[in-house]
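Structural characterization, general
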Amino acid sequence: MASHLTTVVLLSVLLFGFTYAVDFDYFTLVLQWPATACDINSKTCCPYNGCCPGGSPPPGFTIRSLWPDYNDGTYPECCEGAPYSENALSSLSDAMTKYWTILNCKMSSSCIQKRPFWAHQWEKHGTCATSVVGDQQGYFLTTLQLYLKYNVTDVLIQAKIKPSNSKTYPSASIISAIEDAFETTPQLTCNDDTVYQVRLCFDKEFKVRECVGESNQCPQYVRLPKFAFRNVTKSAEEWLMSTIKSVV
């Protein structure tokens with residue numbers, strides 16, 4: 001049965017670019033550190049080439065995605081669902097721009113063709129989560145709510161872990177601060193010695209749970225480099241401190 005189902009899923013992806021909605025075990029909220037994300041994709045990063053809209057720097061960690069995942073370490077992708085629609089996000093546009101910031105100008109490889117960042121997230125991941133989050137707006141709204149409720153940036157600032165181009169921090173201290181705040185162990189990933197992603201996992205009722213896999217994928221000491229959009233002079237730390245009180 002398992003092999004037959006796998007064959008059907010693979011044929012659906014190859015022939016039509018999607019799979020039918022399937023059950024899954026839990027969610028992974030993926031946050032990214034903007035400066036590291038830009039270093040990984042420096043040629044197409046907005047702060048470096050000015051190809052994205054201007055404005056204030058992102059509020060520390062920004063949203064990368066909300067993944068439906070399986071307990072065995074695999075995940076569903078490209079499920080059947082409504083195509084991405086910008087109109088469906090009209091009421092969320094300000095929050096999306098601020099917290100789910102588009103840092104990269106290049107198109108992302110999606111289910112059928114290369115797509116803009118938000119479209120890619122919905123079509124690859126969101127369509128497989130509709131049994132819990134509903135439609136496209138529900139997927140993005142749910143993700144924003146989780147991001148604001150589990151404010152990793154705020155937790156690290158309160159723990160005296162702030163953006164710096166010179167200081168390093170024990171990676172274990174970053175994990176410990178988040179663990180103490182949310183009573184769950186996050187996953188921490190890095191690009192060399194810079195923090196790249198923090199991942200928090202939730203059951204399908206959005207209660208925190210442990211993630212699958214190694215929690216600390218970083219060296220002993222790591223950096224959180226400062227960042228800024230092109231032609232913006234306000235520092236990331238100033239922006240972070242000014243927005244903490246507004247996060248609900």
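This text follows the structure it describes.
Predicted, not measured: the structure shown is a model, and the values here were computed from it.

Another point: the overall build of the protein. Looking only at helices and strands, the protein has 10 helices and 10 strands in total. Counting the 248 residues in the protein, one finds 46% classified as buried. Summarising the internal contacts of the protein: among those between residues at least 6 apart in sequence, 78% fall at separations of at least 24. When the accessible surface of the protein is totalled, it reaches about 12,400 Å², and 52% of it is carbon and sulfur.

This part covers the packing of aromatic side chains. Per the stated rule, a full pass over the model turns up 11 aromatic pairs. Through a chain of ring-to-ring contacts, three or more aromatic side chains come together here, namely Trp100, Trp122, Tyr139 and Phe140. The ring of phenylalanine 24 carries the charged tip of lysine 204 above its face, separated from the ring centre by 5.0 Å. Sitting over the face of the ring of tyrosine 26, arginine 209 holds its NZ or CZ atom 4.0 Å from the ring centroid.

This next bit is on the pairing of strand β7 (residues 194-202). Counted residue by residue, β7 has 9 buried out of 9 residues, so it is predominantly covered. As paired elements, strand β1 (residues 26-32) and β7 share 6 bridges and run antiparallel to each other. Its bridge partner being in β7, glutamine 32 is matched across the sheet by glutamine 197. Examined bridge by bridge, strand β6 (residues 187-191) and β7 share 5 bridges and lie antiparallel to one another.

In this section: the pattern of salt bridges. If you walk through the whole model with that rule in mind, you get 5 salt bridges. In this structure, arginine 223 engages aspartate 193 in a salt bridge whose closest nitrogen and oxygen atoms are separated by 3.3 Å. Of this pair, arginine 223 sits in the loop between β10 (221-222) and α10 (236-243) while aspartate 193 sits in the loop between β6 and β7, placing them 30 residues apart in sequence. For arginine 223, a relative accessible area of 23% puts it in the partly exposed group. We classify aspartate 193 as partly exposed; its relative accessible area is 30%. The partner of glutamate 205 in a salt bridge is lysine 207, with the nearest N and O atoms 3.7 Å apart. A relative accessible area of 60% places glutamate 205 in the exposed class.

Let's shift gears to the nonpolar core. One finds Phe61, Phe140, Val152, Leu156 and Ile178 to be the most contacted residues of the largest nonpolar core, which totals 47 residues. Discounting chain neighbours no more than four positions away, the residues touching isoleucine 178 are Val152, Val155, Leu156, Glu183, Thr184, Pro186, Val198 and Leu200.

Below, the discussion takes up the side chain of threonine 142. Note that threonine 142 resides in helix α7 (residues 136-149). The buried category is assigned to threonine 142, whose relative accessible area is 13%. In this structure the side chain of threonine 142 is engaged in a polar contact, spanning 2.7 Å, whose partner is the backbone oxygen of glycine 138. Not counting residues up to four positions away in its chain, the partners in contact with threonine 142 are Leu66, Val133 and Phe206.

Rules used throughout
Residues numbered from 1 in each chain as written. Predicted model: local features only at pLDDT ≥ 70, side-chain atom pairs only at ≥ 80, totals over all residues. Heavy atoms only, no water. Helix = DSSP H or I, 4+ residues; strand = E, 2+ residues; numbered from the N terminus. Buried < 20%, exposed > 50% of the residue type's maximum accessible area, 1.4 Å probe, protein only. Contact = heavy atoms within 4.5 Å. Areas by Shrake-Rupley, 256 points an atom, 1.4 Å probe, with all protein chains shown as cover. Phe/Tyr/Trp six-rings, centres within 6.5 Å; stacked < 30°, edge-to-face > 60°. Lys NZ or Arg CZ within 6 Å of the ring centre and 35° of its normal. Pairing = 2+ DSSP bridges. Salt bridge = Lys/Arg side-chain N within 4 Å of Asp/Glu carboxyl O. Core = buried A, V, L, I, M, F, W, Y, C linked by side-chain atoms within 4.5 Å. Polar contact = N/O pair within 3.5 Å; in protein donor to acceptor, adjacent residues only side chain to side chain.

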